[in-house]
Amino acid sequence: MPIRPTEWEGVATDGPWLLTRNRVPGTSVYGESLPREGGIEYRRWDANRSKLAAYLKCGGRVWGFRATSSVLYLGAGSGTTASHVSDICRDGTITAVEISARAFRDLLRLAETRPNLVPVLGDATKPETYGGRLGAVDVLYQDVAQREQAGIFLKNLRWMRPGGTGYLVVKARSEDMAQAPARIFEAAKLELLNAGLKILDLRVLSPYQLDHAALVVQKT
Ligand SMILES: C[S@@+](CC[C@H](N)C(=O)[O-])C[C@H]1O[C@@H](n2cnc3c(N)ncnc32)[C@H](O)[C@@H]1O
């Protein structure tokens, strides 16, 4: 099928696959294939590897990412999803915070060829340690594998501008192994609602990502 744009800025599709335009042509980040059309190279965006891609494949419609967006990304890991955000926000800035030194090394390597990606070795529970250098970001995206994910997200919201879009990936198994995931997702939603956020979406990410949901909010 021919490659065509989607309703989500910076994201294309060839039918079965989501694609982002490769900001570093000729380079694959995690073994994804690089289809070309009309002289443009794209990267296949795998929903089994990336919760943001899974959000779109599961019917998510709220899209705060623009070509020039500034993004605070918490829990960037080795940069699988962050690399696609770097394609999408090609003229913006992605500040990618990661606590694990091992994953951070991969992020550093990725940033060598992606000047819009700024890796920070840091702890998302301590936003004051990295927030000062940020300015107000347009998008807050959080995917940290630990307890109290909603609390960490709320702490970091101070770095997002009013009207900005926040994505909280809730990993039920990191919160509580014993509780039903649906209850954990609802509890996280309530916590964000009680903090005065407007809830735009709550979407379970199965079958691509088991026991995960994406909560999307707007800061008023
Ligand atoms: C599921 S992985 C991230 C995958 C990545 N977001 C992606 O889609 O490519 C979760 C990451 O959160 C990181 N993490 C856990 N607690 C953290 C914290 N307090 N601050 C920053 N990162 C944290 C872990 O080291 C791990 O790399």
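Note: the structure precedes this text.
In this report, the structure presented in the accompanying data block is examined. Here the structure is a predicted model, which is why all the values come from computation and not from measurement.

## A short note on the nonpolar core
For step 1, the next point in the chain: Counting residues in each nonpolar core, the largest one holds 35 residues, and the members touching the most others are Trp45, Trp63, Phe65 and Tyr167.
For step 2, the next point in the chain: Taken together, the elements giving at least two residues each to this core come down to helix H1 (51-57), strand S6 (70-74), helix H2 (80-88), strand S7 (93-98), helix H3 (101-113), strand S9 (137-142), strand S10 (160-171) and strand S12 (212-218).
For step 3, the next point in the chain: Here this core takes five residues from H1, the largest share from any one element.
For step 4, the next point in the chain: Other than its neighbours up to four places away in sequence, Trp63 contacts Trp8, Glu9, Val11, Trp45, Leu52, Leu56, Ile88 and Tyr167.

## Notes on the packing of helix H4 (residues 149-156) against helix H6 (residues 181-194)
For step 1, the next point in the chain: Contact geometry of H4 with H6 gives a least axis separation of 9 Å together with a crossing angle of 25 degrees. Relative to H6, the element H4 lies roughly parallel. For the element pair H4 and H6, the recorded crossing hand is right-handed. Touching Ala150, Gly151, Phe153 and Leu154 of H4 are Ala188, Glu191 and Leu192, all from H6.
For step 2, the next point in the chain: Among the residues making up the contact of H4 with H6, the classes are represented as five nonpolar, one polar and one charged.

## Section: unusual backbone geometry
For step 1, the next point in the chain: Of the consecutive residues Ser206 and Pro207, the connecting peptide bond is found in the cis state with omega at 10 degrees.
For step 2, the next point in the chain: Along the polypeptide, Pro207 turns up in the loop between strand S11 (198-204) and S12.
For step 3, the next point in the chain: For Asp211, which is not glycine, the phi torsion reads 60 degrees and is therefore positive.
For step 4, the next point in the chain: Position of Asp211 among the secondary structure elements: in the loop between S11 and S12.

## Here's the deal with the site of the ligand
For step 1, the next point in the chain: As a matter of local geometry, the ligand sits amid 17 residues, with Tyr73, Thr81, Glu98, Ala124 and Gln146 nearest to it.
For step 2, the next point in the chain: In this structure, Asp123 approaches the ligand through a side-chain N or O atom, which is 2.9 Å from a nitrogen atom.
For step 3, the next point in the chain: In the environment of the ligand, a nitrogen atom lies 2.8 Å from a nitrogen or oxygen atom belonging to the side chain of Gln146.
For step 4, the next point in the chain: Compared with its free state, where it exposes 600 Å², the ligand has 84% of that area covered by protein.

## Here's the deal with the sheet that holds strand S2 (residues 11-13)
For step 1, the next point in the chain: Pairing within the open sheet is antiparallel, and its five strands lie in the order S1-S2-S3-S5-S4. On the outer flanks of this sheet lie strand S1 (4-5) and strand S4 (36-37), each paired with one strand and no other.
For step 2, the next point in the chain: Both S1 and S2 contribute to a ladder of two bridges, which runs antiparallel. Its bridge partner being in S2, Pro5 is matched across the sheet by Ala12.

## Re the side chain of Ser83
For step 1, the next point in the chain: Tracing the chain through its elements places Ser83 in helix H2.
For step 2, the next point in the chain: Looking at Ser83, its side chain comes within polar contact range of the side chain of Arg43, at 2.8 Å.
For step 3, the next point in the chain: Polar contacts involving the side chain of Ser83 include one to the main-chain carbonyl oxygen of Thr80, which spans 2.7 Å.
For step 4, the next point in the chain: Leave out the neighbours within four places in its chain, and Ser83 touches Val29, Arg43, Leu110 and Arg114.

## Comments concerning the pattern of salt bridges
As a working rule, side chains carrying opposite charge can pair if their charged atoms are close by.
For step 1, the next point in the chain: Under the criterion given, the structure shown has 12 salt bridges.
For step 2, the next point in the chain: Here Asp143 ties to Lys51 by a salt bridge, and the two come within 3.0 Å at their closest N and O atoms. Of this pair, Asp143 sits in the loop between S9 and H4 while Lys51 is found in helix H1, placing the two residues 92 residues apart along the sequence. With respect to class, Asp143 is no different from Lys51; both count as buried.
For step 3, the next point in the chain: The closest approach of N and O atoms between Arg114 and Asp87, which form a salt bridge, is 2.7 Å. One end of the pair, Arg114, is in the loop between H3 and strand S8 (117-121); the other, Asp87, is in helix H2, and 27 residues separate them in sequence.

Criteria and thresholds
- Residues numbered from 1 in each chain as written.
- Predicted model: local features only at pLDDT ≥ 70, side-chain atom pairs only at ≥ 80, totals over all residues.
- Heavy atoms only, no water.
- Core = buried A, V, L, I, M, F, W, Y, C linked by side-chain atoms within 4.5 Å.
- Buried < 20%, exposed > 50% of the residue type's maximum accessible area, 1.4 Å probe, protein only.
- Helix = DSSP H or I, 4+ residues; strand = E, 2+ residues; numbered from the N terminus.
- Contact = heavy atoms within 4.5 Å.
- Axes fitted to C-alpha atoms, helices over the stretch in contact; angles between N-to-C directions.
- Parallel < 35°, antiparallel > 145°, perpendicular 65-115°, else oblique.
- Left-handed = near helix turned anticlockwise from the far one by under 90°.
- Nonpolar A, V, L, I, M, F, W, Y, C, P; charged D, E, K, R; others polar.
- Near = heavy atom within 4 Å.
- Polar contact = N/O pair within 3.5 Å; in protein donor to acceptor, adjacent residues only side chain to side chain.
- Areas by Shrake-Rupley, 256 points an atom, 1.4 Å probe, with all protein chains shown as cover.
- Pairing = 2+ DSSP bridges.
- Salt bridge = Lys/Arg side-chain N within 4 Å of Asp/Glu carboxyl O.

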